[in-house]
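# A structural walkthrough
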Amino acid sequence: MTDDVAVTAPSPPGRDTKEQRAWYWYDWANSAYVTTTATVLMAPYLTSVATSAACPDLAEGERCTETLSLLGIPVSPGSLFAYTATVSTIVSVLVLIVVGGIADRSRRPTRMLAGFAWLGALAASAMFFVAGTNWQLGVVLLMLANLALGSSLVIYDSLLIRIASPDDRDRVSSKGWGFGYLGGGILLALNFGLDLFHTNLGLDRTVSTRISLLSAGLWWAAFTLIPVLGLRHVGGTLAPPVERSRGVVGGSFAQLADTFRELRLFPQTLLFLLAYLFFNDGIQTVIGNSSLYGIEELQFSQSTVLGVFLFVQFVAIFVPAQNIALFVVLALLIGLVLGGSQALSRSLYSQLIPRGREAEFFGLYQAMERGTSWFGTLTFGLVYQFTHSYRWAIVALVVFFVVGGVLLSRVRMREGIEAAGNEVPAVV
């Protein structure tokens, strides 16, 4: 394969190519961070560190009503994680689109994938050092890890189009998600065991949690080697070259403006993105804050919450306090919806992208993707800050599912695929 070849030979239906098998492993690699850190442990852990800073003399069972100062803005410790995710996304909106534009003009996009993945893994591993009242370090590392994750996923998702034919993308995308749930679930199981038996190992819960955070970063870094090596010959895309005087970065910024202008020419793509913005924001905000809700509002132990999320992880491959049965049922439903919706959304969106602009358009998609939604997290954080109730914060998210569902029902997929100049798959 030469440097300019972008697309691998399509595989026979239902059979994986070596590139597809390598591609699956990045879902396995990054899901360790997404599951253990971003979804389960970091929200309650960062909240506890922030609470120790704001209310050092807080008695057990009491709710902290003091605030922290973040750039001069008063922030409730219970809203800190949600606000951090919000700021991460606002920064991501521009950064990820630019990353996509650069990746579309890179002859070796896998190298960019590796750089962002290992930067994120380094930030995730460094969360081991967040302790005591040092919530500021946690905020910085969480933002850096989320931004690096989103940037790597822009490139990773765009490679789906290079390695799978239109009729095969649902299968490949879903298999990648399933592989990710399995990988994330295995590490979560190991961390569940560490949490359950931390006293037998001579550790307190804070140290065992920090070790779990470190393990997610190391897992992410180590398993990224497989897709980096396996996809190293998958070249650039079909994006038009930029003038030599403007360079790759300058040309990508110019292309950013074109992206927004051209979205008007693809109304079904735009409508799908708007629908995805709403329903995915709702899903991601619920998932990202549900461990915090379980520990702080429902008063479950960290071991119980870890166990429930372990159950959800393998299923997906408000509730009265202490009612574990209803909490598990809710988790079951979330797991089923999350796994299917995210896998199919990625493959559906790939059909609506104009040829040669894959990474660039996936930059828009990733700005609204996992863990980086900001409408939902901002709503969640504000409702909690004013009510001091995670129940009302969760209830406020219902509107995102309603609006997203209505918009999605109006997307005409066949028309959008044809407008983007793509081959219409056998099943739409």
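Below or above, wherever it landed, is the structure these notes cover.

Procedures and definitions
Residues numbered from 1 in each chain as written. Predicted model: local features only at pLDDT ≥ 70, side-chain atom pairs only at ≥ 80, totals over all residues. Heavy atoms only, no water. Disulfide = S-S within 2.5 Å. Buried < 20%, exposed > 50% of the residue type's maximum accessible area, 1.4 Å probe, protein only. Helix = DSSP H or I, 4+ residues; strand = E, 2+ residues; numbered from the N terminus. Core = buried A, V, L, I, M, F, W, Y, C linked by side-chain atoms within 4.5 Å. Contact = heavy atoms within 4.5 Å. Axes fitted to C-alpha atoms, helices over the stretch in contact; angles between N-to-C directions. Nonpolar A, V, L, I, M, F, W, Y, C, P; charged D, E, K, R; others polar. Expected span 1.5 Å × (residues − 1). Bend = angle between axes of the 7 residues up to and from the residue. Polar contact = N/O pair within 3.5 Å; in protein donor to acceptor, adjacent residues only side chain to side chain. Salt bridge = Lys/Arg side-chain N within 4 Å of Asp/Glu carboxyl O.

## Remarks on the state of the cysteines
Counted under the stated rule, the structure contains 1 disulfide. Linked covalently through their sulfurs, Cys 55 and Cys 64 form a disulfide whose S-S length is 2.0 Å. Torsion about the S-S bond of the Cys 55 and Cys 64 cystine: about 65°, corresponding to right-handed handedness. The pair Cys 55 / Cys 64 is uniform in exposure class, with both members buried.

## What about the environment of Arg 355?
Checked against the element boundaries, Arg 355 lands in the loop between helix H11 (324-351) and helix H12 (358-366). As for Arg 355 and Asn 422, which are separated by 67 residues in sequence, their C-alpha atoms are 7.1 Å apart.

## Here's the deal with the nonpolar core
Membership of the largest hydrophobic core comes to 55 residues, with the highest contact counts inside it found for Trp 23, Tyr 33 and Trp 220. When residues of this core are traced back to their parent elements, those giving at least two are helix H1 (18-54), helix H2 (80-103), helix H3 (109-126), helix H4 (135-163), helix H5 (169-196) and helix H6 (205-223). Filtering out sequence-adjacent residues up to four positions away, Tyr 33 remains in contact with Ala 38, Ala 124, Met 127, Leu 142, Ala 145, Asn 146, Leu 149, Ala 216 and Trp 220. One finds Leu 263, Leu 271, Phe 272 and Phe 361 within the second-largest nonpolar core, a separate group that totals 17 residues.

## Focus: the environment of Gln 351
You can see Gln 351 is positioned in helix H11. Note: C-alpha distance between Gln 351 and Gly 421 (70 residues apart in sequence) is 9.3 Å.

## Observations regarding the packing of H2 against H3
The N-to-C vectors of H2 and H3 enclose an angle of 145°; their axes lie 10 Å apart at closest approach. Side by side, H2 and H3 meet where Val 99, Ile 102 and Ala 103 of the first sit next to Pro 109, Met 112 and Phe 116 of the second. Of the residues assigned to the contact of H2 with H3, the class counts are 6 nonpolar, no polar and no charged.

## Brief notes about H2
Between the first and last C-alpha of H2 there are 33 Å, a value that for 24 residues agrees with the 34 Å anticipated at 1.5 Å per step. At Ser 92, H2 shows its largest kink, close to 40°.

## Focus: the side chain of Ser 31
Counting through the fold element by element, Ser 31 comes out in helix H1. Engagement of the side chain of Ser 31 in a polar contact is seen with the backbone oxygen of Asp 27, the distance being 2.7 Å. A polar side-chain atom of Ser 31 sits 3.4 Å from the main-chain carbonyl oxygen of Gly 180.

## Overview of the pattern of salt bridges
Where charged atoms from two side chains of opposite charge approach closely, those side chains can pair. Enumeration according to the criterion identifies 5 salt bridges in this entry. Across the salt bridge formed by Arg 171 and Asp 16, the nearest N and O atoms sit 2.6 Å from each other. Here the residue Arg 171 occupies a position in helix H5, and Asp 16 occupies one in the segment before H1, the gap between them amounting to 155 residues. Note on Arg 171: relative accessible area 24%, which makes it partly exposed. Accessibility expressed as a relative area gives 22% for Asp 16, which makes it partly exposed. Bridged by salt links that share partners, the residues Asp 16, Asp 168, Arg 171 and Lys 175 form one connected network.

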